[in-house]
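Close look at the chain arrangement
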Amino acid sequence: MASLGEVFKQIRIGKKLSLKEVSGDYLSVSFLSKFERGQSEISLSRFLMLLENLDISIEEFYKLATYENPNENDQLIDKVSKAFYNNNLPVFENIGATSWLNMSKHKKQNIVTMPS
(Lines give C-alpha, C1' and ligand atoms only; values in the text may rest on other atoms or scores of the structure.)
Protein backbone atom coordinates (compact mmCIF):
# COMPACT_ATOMS: atom_id res chain seq x y z
CA MET A 1 0.00 0.00 0.00
CA ALA A 2 1.31 3.44 -0.91
CA SER A 3 2.18 5.78 1.95
CA LEU A 4 0.32 9.05 2.43
CA GLY A 5 3.41 10.87 1.18
CA GLU A 6 3.56 8.79 -2.00
CA VAL A 7 -0.12 9.41 -2.73
CA PHE A 8 0.38 13.10 -1.99
CA LYS A 9 3.31 13.24 -4.42
CA GLN A 10 1.29 11.53 -7.17
CA ILE A 11 -1.49 14.09 -6.77
CA ARG A 12 0.97 17.01 -6.67
CA ILE A 13 2.74 15.84 -9.82
CA GLY A 14 -0.62 15.17 -11.50
CA LYS A 15 -1.57 18.78 -10.81
CA LYS A 16 1.81 19.94 -12.14
CA LEU A 17 2.71 21.72 -8.93
CA SER A 18 6.25 22.08 -7.61
CA LEU A 19 7.32 21.26 -4.08
CA LYS A 20 7.81 25.01 -3.49
CA GLU A 21 4.31 25.87 -4.71
CA VAL A 22 2.70 23.33 -2.39
CA SER A 23 4.91 23.90 0.67
CA GLY A 24 4.21 27.63 0.57
CA ASP A 25 5.57 29.71 3.43
CA TYR A 26 4.67 27.15 6.09
CA LEU A 27 7.00 24.23 5.34
CA SER A 28 10.42 23.83 3.86
CA VAL A 29 10.78 22.15 0.49
CA SER A 30 13.15 19.61 2.04
CA PHE A 31 10.59 18.68 4.72
CA LEU A 32 7.86 18.16 2.12
CA SER A 33 10.23 16.10 -0.01
CA LYS A 34 11.04 13.88 2.99
CA PHE A 35 7.33 13.44 3.72
CA GLU A 36 6.66 12.41 0.12
CA ARG A 37 9.48 9.85 0.31
CA GLY A 38 8.21 8.46 3.62
CA GLN A 39 11.23 9.71 5.56
CA SER A 40 9.32 12.11 7.78
CA GLU A 41 6.03 12.17 9.67
CA ILE A 42 3.70 15.15 9.44
CA SER A 43 1.20 16.68 11.85
CA LEU A 44 -2.48 16.71 10.95
CA SER A 45 -2.59 20.50 10.85
CA ARG A 46 0.33 20.66 8.41
CA PHE A 47 -1.13 17.86 6.30
CA LEU A 48 -4.48 19.66 6.05
CA MET A 49 -2.67 22.85 5.05
CA LEU A 50 -0.85 20.95 2.29
CA LEU A 51 -4.14 19.49 1.06
CA GLU A 52 -5.56 23.00 0.94
CA ASN A 53 -2.56 24.10 -1.15
CA LEU A 54 -3.27 21.16 -3.47
CA ASP A 55 -6.93 22.26 -3.63
CA ILE A 56 -8.15 18.83 -2.54
CA SER A 57 -10.36 17.84 0.39
CA ILE A 58 -9.43 15.19 2.92
CA GLU A 59 -12.32 13.07 1.59
CA GLU A 60 -10.98 13.25 -1.95
CA PHE A 61 -7.49 12.40 -0.73
CA TYR A 62 -8.77 9.38 1.22
CA LYS A 63 -10.69 8.13 -1.79
CA LEU A 64 -7.58 8.38 -3.97
CA ALA A 65 -5.38 6.82 -1.29
CA THR A 66 -7.66 3.78 -0.90
CA TYR A 67 -8.62 3.39 -4.56
CA GLU A 68 -5.87 0.90 -5.42
CA ASN A 69 -5.84 -0.78 -2.00
CA PRO A 70 -9.41 -0.91 -0.73
CA ASN A 71 -10.00 -2.28 2.73
CA GLU A 72 -12.39 -5.16 3.47
CA ASN A 73 -15.40 -2.86 3.93
CA ASP A 74 -14.72 -1.03 0.67
CA GLN A 75 -14.48 -4.35 -1.18
CA LEU A 76 -17.76 -5.56 0.31
CA ILE A 77 -19.55 -2.33 -0.56
CA ASP A 78 -18.23 -2.58 -4.13
CA LYS A 79 -19.45 -6.18 -4.51
CA VAL A 80 -22.89 -5.40 -3.07
CA SER A 81 -23.27 -2.31 -5.27
CA LYS A 82 -22.35 -4.19 -8.44
CA ALA A 83 -24.70 -7.08 -7.63
CA PHE A 84 -27.54 -4.68 -6.84
CA TYR A 85 -27.16 -2.53 -9.94
CA ASN A 86 -26.78 -5.60 -12.16
CA ASN A 87 -29.89 -7.10 -10.56
CA ASN A 88 -27.85 -10.21 -9.80
CA LEU A 89 -29.83 -11.66 -6.89
CA PRO A 90 -27.85 -14.93 -6.50
CA VAL A 91 -24.57 -13.02 -6.18
CA PHE A 92 -26.23 -10.47 -3.90
CA GLU A 93 -27.56 -13.25 -1.64
CA ASN A 94 -24.21 -15.06 -1.64
CA ILE A 95 -22.38 -11.90 -0.63
CA GLY A 96 -24.84 -11.37 2.20
CA ALA A 97 -24.54 -14.95 3.45
CA THR A 98 -20.74 -14.93 3.28
CA SER A 99 -20.55 -11.58 5.07
CA TRP A 100 -22.95 -12.81 7.75
CA LEU A 101 -20.86 -15.94 8.33
CA ASN A 102 -17.67 -13.91 8.58
CA MET A 103 -19.30 -11.46 10.96
CA SER A 104 -20.75 -14.30 13.04
CA LYS A 105 -17.30 -15.91 13.41
CA HIS A 106 -15.92 -12.68 14.87
CA LYS A 107 -18.90 -12.05 17.13
CA LYS A 108 -18.97 -15.59 18.55
CA GLN A 109 -15.75 -14.80 20.34
CA ASN A 110 -17.45 -11.92 22.16
CA ILE A 111 -20.74 -13.63 23.09
CA VAL A 112 -21.40 -14.14 26.79
CA THR A 113 -24.11 -16.64 27.69
CA MET A 114 -26.32 -16.10 30.68
CA PRO A 115 -27.06 -19.05 32.96
CA SER A 116 -30.63 -20.34 32.91
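Residues numbered from 1 in each chain as written. Predicted model: local features only at pLDDT ≥ 70, side-chain atom pairs only at ≥ 80, totals over all residues. Heavy atoms only, no water.

A closer look at the packing of helix H1 (residues 4-14) against helix H4 (residues 44-54)
How two helices pack is summed up by the angle between their axes together with the distance between the axes. Closest axis-to-axis distance for the H1/H4 pair is 11 Å, and the angle between their directions is 20 degrees. On the basis of their axis angle, the class for H1 and H4 is roughly parallel. When you trace H1 past H4, the crossing you get is left-handed. The segment H1 lies against H4, with Phe8, Ile11 and Arg12 engaging Phe47, Leu50, Leu51 and Leu54. Grouping the amino acids of the contact of H1 with H4 by side-chain chemistry returns six nonpolar, no polar and one charged. (Axes fitted to C-alpha atoms, helices over the stretch in contact; angles between N-to-C directions. Helix = DSSP H or I, 4+ residues; strand = E, 2+ residues; numbered from the N terminus. Parallel < 35°, antiparallel > 145°, perpendicular 65-115°, else oblique. Left-handed = near helix turned anticlockwise from the far one by under 90°. Contact = heavy atoms within 4.5 Å. Nonpolar A, V, L, I, M, F, W, Y, C, P; charged D, E, K, R; others polar.)

Here's the deal with the nonpolar core
Phe8, Leu32, Leu50 and Phe61 are the most contacted members of the largest nonpolar core, which totals 17 residues. When contributions to this core are tallied by element, the ones reaching two or more residues are H1, helix H2 (19-23), helix H3 (29-36), H4 and helix H5 (58-67). It is H4 that contributes the most residues to this core, five residues altogether. Beyond its immediate chain neighbours, meaning those up to four positions away, Leu50 contacts Phe8, Val22, Ser23, Leu27, Leu32 and Ile42. (Core = buried A, V, L, I, M, F, W, Y, C linked by side-chain atoms within 4.5 Å. Buried < 20%, exposed > 50% of the residue type's maximum accessible area, 1.4 Å probe, protein only.)

Describing the environment of Phe31
Considering the arrangement of structural elements, one finds Phe31 in helix H3. Here the alpha-carbon distance between Phe31 and Leu19, two residues twelve residues apart in the chain, equals 9.7 Å. The contacts of Phe31, once residues within four sequence positions are left out, are Ser40, Glu41, Ile42 and Arg46.

With respect to the packing of aromatic side chains
Under the definition given, this model contains four aromatic pairs. For the pair Phe8 and Phe35, a centre-to-centre distance of 6.0 Å together with 65 degrees between the ring planes defines the contact as edge-to-face. Placement of the pair is Phe8 in helix H1 and Phe35 in helix H3, with a sequence separation of 27 residues. Comparing Phe8 with Phe35 shows no difference in burial state: the two are buried. Summarising the aromatic geometry, the rings of Phe47 and Phe61 are spaced 5.1 Å apart at their centres and angled 80 degrees between planes, so their arrangement reads as edge-to-face. (Phe/Tyr/Trp six-rings, centres within 6.5 Å; stacked < 30°, edge-to-face > 60°.)

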